[in-house]
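If you want the building blocks of each chain, they are given just below.
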Amino acid sequence: MKPFVIAITEALRDLADADNAHWMRKYMREQYPFLGVKKPERQEVFKHLYKLHGSSQDWYEVSTELFAMPEREYQYFAMDYVQKAKKSWDSRLPALVEQWIGEQSWWDVVDVLAPQIMGPYFLQFPAERDQWIERWMKSGNFWLQRVCLIFSLGYKGKTDTDLLAKNIQALSSSKEFFIQKAIGWVLRQYARTDAEWVLDFVENNALAPLSKREALKHL
């Protein structure tokens, strides 16, 4: 076990709270076990231990080890570690993200992996974007498809509207709540950059009522 992982494990064991864990499991619909360590405490632990142990270790090995542990807090730490190692990212990252989503699919992980990890990754390595987006769009896995919709949430003026429109149109008839919600979310976010484009797109494309309502929420 990597020194950083050992340190995290020891710190979380000391901070574990059974009552918090109960309500965290309830909030996540009993999908995953929790130790009961809330986000502010996790962030403080991560910041401290990363300075002591984290920066010199391989991001892939450490994050893989963390993500494989059962309690959900470790998966959050794995994603934090990957984000911290942005300058060291390489071609292993998209396949790792795909693996993680296949193993632990739920919105709390997907909604970090997409805009906070894959979004910056595709800006850093633009030649890799289309092959992975095409692969995930064709996968039939709606969580991977959600990544294709929301990875560009933070792009603002760098948004590829042709790709955005193509992905939305391909998924607009989906009955899946998390897809309909993602379509509305990404359109609502892009409206902050180009409201006219969003209004025109919504007017000229058949969208689920939920998607349309979310897209126009602030317009």
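Computed from a predicted structure; not experimentally measured. (Residues numbered from 1 in each chain as written. Predicted model: local features only at pLDDT ≥ 70, side-chain atom pairs only at ≥ 80, totals over all residues. Heavy atoms only, no water.)

Colleague: Which parts of the structure should I look at to understand empty space enclosed by the protein?
Modeller: Sizing a probe to match a water molecule and rolling it over the atoms shows the empty space that remains. Here the structure, examined in full by the defined rule, presents two cavities of 30 Å³ or more. Of the pockets and cavities examined, the largest cavity occupies roughly 60 Å³. What lines the largest cavity is simply Ser152, Leu153, Lys156, Thr159, Val186, Gln189, Tyr190 and Thr193. The residue inventory of the lining of the largest cavity, partitioned by class, reads three nonpolar, four polar and one charged. Approximately 50 Å³ is the volume found for the second largest cavity. (1 Å grid on protein atoms, 1.4 Å probe; cavity = no way out; pocket = protein on both sides within 12 Å on 5 of 7 lines; lining within 4 Å. Points joined across faces, edges and corners; volume = space filled by probe spheres on them. Nonpolar A, V, L, I, M, F, W, Y, C, P; charged D, E, K, R; others polar.)

Colleague: For this particular structure, what's the right way to read the nonpolar core?
Modeller: It is characteristic of soluble globular proteins that their nonpolar side chains tend to be buried jointly. Within the largest apolar cluster, 77 residues are counted, with the highest numbers of intra-cluster contacts made by Phe4, Ile8, Leu66, Ile117, Phe122, Ile168 and Leu187. Broken down by element, this core gets its largest block of residues, nine residues, from helix α7 (residues 107-124). Dropping the residues within four chain positions of it, Ile8 is found in contact with Val45, Leu49, Leu66, Tyr74 and Phe77. (Core = buried A, V, L, I, M, F, W, Y, C linked by side-chain atoms within 4.5 Å. Buried < 20%, exposed > 50% of the residue type's maximum accessible area, 1.4 Å probe, protein only. Helix = DSSP H or I, 4+ residues; strand = E, 2+ residues; numbered from the N terminus. Contact = heavy atoms within 4.5 Å.)

Colleague: Sorry if this is basic, but what is going on with the packing of helix α6 (residues 92-103) against α7 here?
Modeller: When two helices pack together, their arrangement is given by the angle between their axes and by how far apart the axes lie. Relative to each other, α6 and α7 sit at 170°, their axes nearing to 11 Å. Taken together, the axis directions place α6 and α7 in an arrangement best described as roughly antiparallel. Across the interface between the two elements, Leu93, Pro94, Val97, Trp100 and Ile101 from α6 touch Val110, Leu113, Ile117, Met118 and Tyr121 from α7. In terms of residue class, the contact of α6 with α7 is made up of ten nonpolar, no polar and no charged. (Axes fitted to C-alpha atoms, helices over the stretch in contact; angles between N-to-C directions. Parallel < 35°, antiparallel > 145°, perpendicular 65-115°, else oblique.)

Colleague: I tried to follow the pattern of salt bridges on my own but got confused; where do I start?
Modeller: Two side chains bearing opposite charge may form a pair once their charged atoms approach each other closely. Overall, the coordinates contain 14 salt bridges when judged by the stated rule. The salt bridge involving Asp58 is made with Arg92; its shortest N-O contact spans 3.4 Å. Of the two residues, Asp58 is situated in the loop between α3 (39-54) and α4 (59-67) and Arg92 in helix α6; the sequence distance between them amounts to 34 residues. Among the salt bridges present, the one from Arg146 reaches Asp111, with a minimum N-O distance of 2.9 Å. With Arg146 in helix α9 (residues 142-150) and Asp111 in helix α7, the pair connects residues that are 35 residues apart, well separated along the chain. Residue classification places Arg146 among the buried positions, given a relative accessible area of 4%. Assessed through its relative accessible area of 13%, Asp111 is described here as buried. Here the salt bridges do not stand alone but share partners, grouping Lys181, Arg188, Glu214 and Lys217 into one network. (Salt bridge = Lys/Arg side-chain N within 4 Å of Asp/Glu carboxyl O.)

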